[in-house]
Amino acid sequence: MRPVLVYTLCRIGLFGVTLLVLLLLGLHNPFVLIIASFVISGVASYVLLSKQRDAVSERISGKIDRPKPQSD
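Because the structure is predicted, anything quoted here is derived from the model rather than measured.

Asker: So what's going on with the environment of Ala36? Which residues, and what values?
Answerer: In this structure, Ala36 sits in helix 2 (residues 30–48). Contact partners of Ala36, with chain neighbours within four places excluded, come to Leu22 and Leu27.

Asker: Run through the confidence of the model for the chain, naming residues and quoting values.
Answerer: Chain-level statistics for the chain give a pLDDT mean of 88 and a share of 92% at 70 or above. Per-element mean pLDDT across the chain ranges from 83 in helix 3 (residues 50–65) up to 95 in helix 2.

Asker: Could you give an account of helix 1 (residues 2–24), naming the residues involved and the relevant values?
Answerer: Taking 1.5 Å of rise per residue, the 23 residues of helix 1 would be expected to cover 33 Å, and the 33 Å separating its terminal C-alpha atoms lies within 8% of that figure. Three or more residues of helix 1 are buried, namely Tyr7, Leu14, Thr18 and Leu22. Gly26 sits one or two positions beyond helix 1 and adopts a positive phi of about 105°.

Asker: Outline the packing of helix 1 against helix 2, supporting the account with residue identities and numerical values.
Answerer: When two helices pack together, their arrangement is captured by the angle between the axes and the distance separating the axes. At a minimum axis separation of 8 Å, helix 1 and helix 2 run at an interaxial angle of 130°. Viewed along their axes, helix 1 and helix 2 adopt a mutual orientation that is oblique. Our pair here, helix 1 against helix 2, has a crossing hand that is right-handed. Between helix 1 and helix 2, the residues in contact are Arg11, Leu14, Phe15, Thr18, Leu19, Leu22 and Leu23 and Leu33, Ile34, Ala36, Ser37, Phe38, Ile40, Ser41, Gly42, Ala44, Ser45 and Leu48, respectively. Here the contact of helix 1 with helix 2 is built from residues that sort into twelve nonpolar, five polar and one charged.

Asker: Please give an account of the environment of Val4 that cites residues and values.
Answerer: With respect to the helices, strands and loops of the structure, Val4 is situated in helix 1. By relative accessible area, Val4 is classed as partly exposed at 28%.

Definitions and cut-offs
- The residue numbers shown here count from 1 along each chain, following its written sequence.
- Reporting in this predicted model follows two pLDDT cut-offs: at least 70 for local features of residues, and 80 or more for side-chain atom pairs to be given and counted; totals over whole chains, interfaces and linings ignore these cut-offs and use all residues.
- Each side-chain value is derived from all of the structure's non-hydrogen atoms; neither hydrogens nor water enter the calculation.
- Secondary structure elements follow DSSP: runs of H or I of four or more residues count as helices, runs of E of two or more count as strands, with numbering from the N terminus.
- The contact rule is simple, with two residues in contact once any of their heavy atoms fall within 4.5 Å.
- The predictor rates its confidence in each residue with pLDDT, a number between 0 and 100.
- By definition here, a helix of n residues has an expected span of 1.5 Å times n minus one.
- Working definition: with a 1.4 Å probe on protein chains only, accessible area under 20% of the residue-type maximum means buried, over 50% means exposed, and in between means partly exposed.
- A fitted line through C-alpha atoms serves as each axis, taken over the contacting stretch for helices, and the angle formed by two N-to-C directions is quoted from 0 to 180°.
- If an angle is under 35 degrees, it is roughly parallel; if it is over 145, roughly antiparallel; if it lies from 65 to 115, roughly perpendicular; otherwise it is oblique.
- Take the far helix as your reference; a near helix turned counterclockwise from it by less than a right angle gives a left-handed crossing, and one turned clockwise gives a right-handed crossing.
- Put simply, Ala, Val, Leu, Ile, Met, Phe, Trp, Tyr, Cys and Pro go in the nonpolar bin, Asp, Glu, Lys and Arg in the charged bin, and everything else, Gly too, in the polar bin.

Below you can see the structure in the form of C-alpha cells.
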C-alpha cells in the first residue's frame, strides 16, 4: 500500500503547487485555474514521478500475478 500512497500524495502535491503558481501568476478564473493545473500537473507527474509510478505498477502486478488458492 505504501507505493500507492506515496504516488497519490506526490500527485496531489504537484497539483497544489501548480495551482498555487498559476494563482500567483494571475490566473483567477476558477474553472480555467483548475483545468490548467490538472493538465500541467499531469504532464509534470508523467515526467517527474516515473519511479513512483513504476513502483505502483510493480505492486499491482505482483498482487494480480499471485496464484489464488484452489478450493476443492
